[in-house]
Amino acid sequence: MAGPVPDLDARANACANTIADADSMVLASHIDADGLTSAAIATTALERAGLSFEVVFKEQLDATEIASIAKREYDTVLFTDFGSGQLDVIAEHEAAGDFTPVIADHHQPADADTEYHLNPLLEGIDGASELSGAGASYVLARALAEVVDADVPQANRDLAGLAVVGAVGDMQAVDGELVGANEAIVSEGVEAGVLHEGTDLTLYGKQTRPLPKLLEYASEIRIPGVSNDESGAVRFLDELGLDLHDEAGEWRTWVSLSDDEKRTVASALVQRAVERGVPASKIDRLVGTTYTLLAEPEGTELRDASEFSTLLNATARYERADVGLAVCLGDREDGLRRARTLLQNHRRNLSEGLQWVKNNGVTREEHLQWFDSGTEIRDTIVGIVAGMAVGVEGVDRDRPIVALARKNDEETKVSARGTGPLVGRGLDLSVVMREASQAVGGDGGGHNVAAGATVPAGRERDFVEHADALVGDQIG
Ligand code: C5P
Ligand code: C5P
Ligand code: ZN
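Residues numbered from 1 in each chain as written. Chains lettered and ligands numbered in written order. Predicted model: local features only at pLDDT ≥ 70, side-chain atom pairs only at ≥ 80, totals over all residues. Heavy atoms only, no water.

**Things to note about the overall build of the protein chain**
Along the protein chain, the regular secondary structure elements total 18 helices and 13 strands. Taking all 476 residues of the protein chain together, 55% fall into the buried category. Intrachain contacts of the protein chain at a sequence separation of at least 6 include 66% that bridge at least 24 residues. In the form shown here, the protein chain has an accessible surface area of approximately 20,000 Å², with 44% of it arising from carbon and sulfur atoms. With 41 positive and 82 negative side-chain charges, the protein chain shows a separation of 7 Å between the mean positions of the two kinds. (Helix = DSSP H or I, 4+ residues; strand = E, 2+ residues; numbered from the N terminus. Buried < 20%, exposed > 50% of the residue type's maximum accessible area, 1.4 Å probe, protein only. Contact = heavy atoms within 4.5 Å. Areas by Shrake-Rupley, 256 points an atom, 1.4 Å probe, with all protein chains shown as cover. Lys, Arg positive; Asp, Glu negative; His and termini not counted. Charge placed at Lys NZ, Arg CZ, Asp CG, Glu CD.)

The structure is reproduced here in C-alpha cells:
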C-alpha cells in the first residue's frame, strides 16, 4: 500500500522491515521540538508493533556520542531527526559490525551511504521546507503499521498531528503554510480526524494569551501603536466596543471569541495597519493557515501546533527531553505541569536573549553578520534567538546571521540562519557551517536555510572569516 509520500515508500518499507526484525534496539533523537515529536511518533509506532527498545536524546550527534551508543551493543539503532549528517561516522560503525543503523532524518547527508536511510533529500524532496524529522518518522510509522502483524489503530495516521507540530517547530511553514510532503501528512491527519487546517489570525498565542498580550507581543508583523505597546494594545481593544472580559473580569483569549467578535477584531487590526502605513505584503500575513490538534482541549498550548512546538523546545533545550516526550505521549498531569513551568523560563530567556542582541548589535562582514554572546545566551537557544533577531533594528535581511555562544570551556556553539531569497541566490548554510567549522577543527551541518556547528573555543574569529568567504563564494 502507498504511504503518504510515495517517493519514499521503498525506503520506508526497507527501514520498517529492518526494525520489525530487530532483536534489541535503541531509538536516538534530537533535543528540539522536531526531535521530540520524531521520538514520540517512533515510540508509539514501535510500541503498537509490539517491539521493545530504549530511548536516548542527544544535543548533537558526533563521533563521541555515536561511539557511546555503539558501546551499548544494541543490534539496531534507529536515529530520528539526525543521523544523515553524521553518516560517515555511522557507516564506519556499521562496517565494523557494531550495529545496524536505520535513519529517519531530513538533514543534508554526509558523504557516505547506508542501506536503511529514509531522507527526503535522497528523493529530491526539500528537507528544509517539505519534510521534517517528525515527518520522516511519520512516514516510517505508517510503513511499520503495514509490515507488522499487529492491529495498529488508524494505521498510525493519528500520529499526523505530532508530525505537523514537528514541521511547524522546524519553521517549515512557508508563508505560514505547510507544503509538499508535509501537506500530504496534513491531509492524512485531517482525514483521521486529529487535525484541523484553517484560516485564522497568524499571531502567536491564540490559545493561551490574554488578548492584549496577543497583540502586544506580536513581533512577526509590527503594528504601530499596538505591537510592543501595552497600553496601546489595551486602548485598541477597548475602543472596539466589544465585551472582551470573562465573568471573572479577566481578558479573554482569541479562541474564546465568537466568529463575529473575531471578525471585528481582525478587521480593526487590518484597518489600523493600513492607517499606520504597514506595507500590504505584511498586512496579508496577519491572516494565514493554522493547524489545530483536535484531540487537545481548547485554550491549551497543545491545541495549536505552533504553541505546542514552543512548549516542547522549552523542555528539551533545557535537558528535560523526558518531560517533553511524556507530554507528546499523553501525560497531562505532572509532565504538562513541569513543561509549563519550563515554558515560562524559556520565554524569559528568549526575551532576554533578544534584548541582548538589540543592546549589543551585530558585526557586519562583507557577506554575513554575526554576534558572539559568550555565556550570555544559552547555547541550546542561541539559534532561536538568531532567527528572532532577523528583521529587528540593526539586523539586516540581506545577509545571513551567524550567532555564537560559549558551550563550555572547550567549545563554542554556532547557529546560522538565512532567508528564502538568499537560498534562492545560492546560499547553503549547511555547507558553510560544515566547511568553515572543519577548517578550524570543529564540525557542523544542517539545512540550506538554517545550520549549526561546534568549534573549538578560541577559534571563533577564524571560523567567522572562513564562513564569510564561503558565503561570498555562494552568493557574492
Ligand atoms: O535540527 P532541526 O532540523 O530539527 O532544526 C531545524 C532548525 O532550522 C530549527 O531551529 C528551525 O527553527 C530552523 N529553521 C529556520 N528557518 C527555516 C527552516 C528552519 O530557522 N526556514
Ligand atoms: O542548533 P541550531 O538550531 O542552530 O541548528 C540548526 C540546524 O543545524 C539544525 O537542523 C541542526 O540539527 C543542524 N546542526 C548540525 N550540526 C551541528 C549543529 C547544528 O547539523 N553541529
Ligand atoms: Zn528537524
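**Regarding the coordination of the zinc ion (ligand 3)**
For the zinc ion (ligand 3), the full set of protein donor atoms is Asp34 (OD), Asp81 (OD), His106 (NE2) and Asp170 (OD), at a range of 2.0 to 2.3 Å. Every donor counted, the 6 donor atoms about the zinc ion (ligand 3) form angles of 59 to 171° at the centre, which fits irregular coordination. (Donors = N, O, S within 2.8 Å, 3.2 Å for Na, K, Ca; no water. Tetrahedral: all angles 85-135°; square planar, octahedral: opposite > 155°, others 65-115°.)

**A closer look at the sheet that holds strand E11 (residues 411–417)**
Read from one edge to the other, the open sheet built from 6 strands follows the order E8-E9-E10-E11-E13-E12, with strand pairing classed as mixed. Two strands lie at the open edges of the sheet, namely strand E8 (363–364) and strand E12 (443–446), each paired on one side alone. The strands touched by helix H15 (residues 382–389) within the sheet are strand E9 (369–372), strand E10 (401–406) and E11, with E11 carrying the most contacts at an inclination of about 35°. (Pairing = 2+ DSSP bridges. Axes fitted to C-alpha atoms, helices over the stretch in contact; angles between N-to-C directions.)

**Observations regarding the site of ligand 2**
Taken together, 16 residues sit near ligand 2, with His107, Lys413, Ser415, Arg417 and Gly445 positioned nearest. One of the side-chain nitrogen or oxygen atoms of Arg417 is found 2.8 Å away from an oxygen atom of ligand 2. Within the backbone of Gly445, a nitrogen or oxygen atom sits 3.2 Å from an oxygen atom of ligand 2. In isolation ligand 2 offers 460 Å² of accessible surface; the protein chains occlude 88% of this area. Among the elements of the structure, E11, E12 and strand E13 (450–456) are those that each provide at least two residues to the shell around ligand 2. Per-element accounting of the shell around ligand 2 gives the leading share, 5 residues, to E13. In terms of residue class, the shell around ligand 2 is built from 3 nonpolar, 10 polar and 3 charged. Taken domain by domain, the makeup of the shell around ligand 2 includes at least three residues from each of domain 1 (6–194) and domain 3 (361–475). (Near = heavy atom within 4 Å. Polar contact = N/O pair within 3.5 Å; in protein donor to acceptor, adjacent residues only side chain to side chain. Nonpolar A, V, L, I, M, F, W, Y, C, P; charged D, E, K, R; others polar. Domains from an automatic or database assignment.)

**Overview of the side chain of Glu261**
Within the secondary structure layout, Glu261 lies in helix H10 (residues 259–275). Polar contacts involving the side chain of Glu261 include one to the main-chain amide nitrogen of Ser258, which spans 2.8 Å. Discounting chain neighbours no more than four positions away, the residues touching Glu261 are Leu242, Asp243 and Arg252.

**Let's talk about the sheet that holds strand E3 (residues 76–80)**
Spatially, 5 strands are ordered E2-E1-E3-E4-E5 in an open sheet, and the strand pairing comes out parallel. Since the sheet does not close on itself, it has two edges, and those belong to strand E2 (54–58) and strand E5 (117–118), each with one partner. Judged from the 5 bridges that link them, strand E1 (residues 25–30) and E3 form a sheet pairing that is parallel. Following the sheet pairing, Ala28 is matched in E3 by Phe79. Strands E3, strand E4 (100–104) and E5 of the sheet are contacted by helix H5 (residues 133–147), whose axis makes an angle of about 115° with E4.

**A look at the environment of Ala110**
Among the structural elements, Ala110 can be located in the loop between E4 and E5. Sequence-wise, Ala110 and Gly83 are 27 residues apart; in three dimensions their C-alpha atoms are separated by 9.1 Å. Among all residues touching Ala110, those that are not within four sequence positions of it are Ser84, Gly85, Leu87, Asp88 and Arg434.

**A few points about the pattern of salt bridges**
Side-chain pairing between opposite charges can occur once the charged atoms of the two side chains come close. Taken as a whole and judged by the stated rule, the model has 21 salt bridges. One continuous salt-bridge network, built from bridges that share partners, spans Lys213, Glu216 and Glu230. (Salt bridge = Lys/Arg side-chain N within 4 Å of Asp/Glu carboxyl O.)

**Re the site of ligand 1**
Surrounding ligand 1, one finds His30, Asp32, Asp34, Asp81, His106, His107, Asp170, Met171, Arg417, His447, Val449 and Ala450. For ligand 1, an oxygen atom lies 2.9 Å from a polar atom in the side chain of Asp32. His107 is positioned such that a nitrogen or oxygen atom in its side chain is 2.9 Å from an oxygen atom of ligand 1. Relative to its free-state accessible area of 470 Å², ligand 1 is covered by the protein chains to the extent of 83%. For the shell around ligand 1, a count of residues per class yields 3 nonpolar, 4 polar and 5 charged. Two domains each donate at least three residues to the shell around ligand 1, and these are domain 1 (6–194) and domain 3 (361–475).

**Section: the nonpolar core**
Ile19, Leu144, Phe308 and Phe371 are the most contacted members of the largest nonpolar core, which has 91 residues in total. Take this core: its biggest share by element is 9 residues, from H5. One finds Leu240, Leu257, Val265 and Val278 within the second-largest nonpolar core, a separate group that totals 24 residues. (Core = buried A, V, L, I, M, F, W, Y, C linked by side-chain atoms within 4.5 Å.)

**Here's the deal with helix H6 (residues 160–169)**
Across the 10 residues that make up H6, a large majority, 10, are buried. Among the residues making up H6, those that are buried are Ala160, Gly161, Leu162, Ala163, Val164, Val165, Gly166, Ala167, Val168 and Gly169. One or two residues past the end of H6 sits Met171, with phi positive at roughly 60°.

**Some words on the packing of helix H1 (residues 9–20) against H5**
Relative orientation of the contacting elements H1 and H5 amounts to 60°, with a least axis distance of 8 Å. By the angle between their axes, H1 is oblique relative to H5. The hand of the H1/H5 crossing is right-handed. Side by side, H1 and H5 meet where Ala12, Asn13, Cys15, Ala16, Asn17, Ile19 and Ala20 of the first sit next to Val139, Leu140, Ala143, Leu144 and Val147 of the second. Here the residues of the contact of H1 with H5 sort into 10 nonpolar, 2 polar and no charged. (Parallel < 35°, antiparallel > 145°, perpendicular 65-115°, else oblique. Left-handed = near helix turned anticlockwise from the far one by under 90°.)

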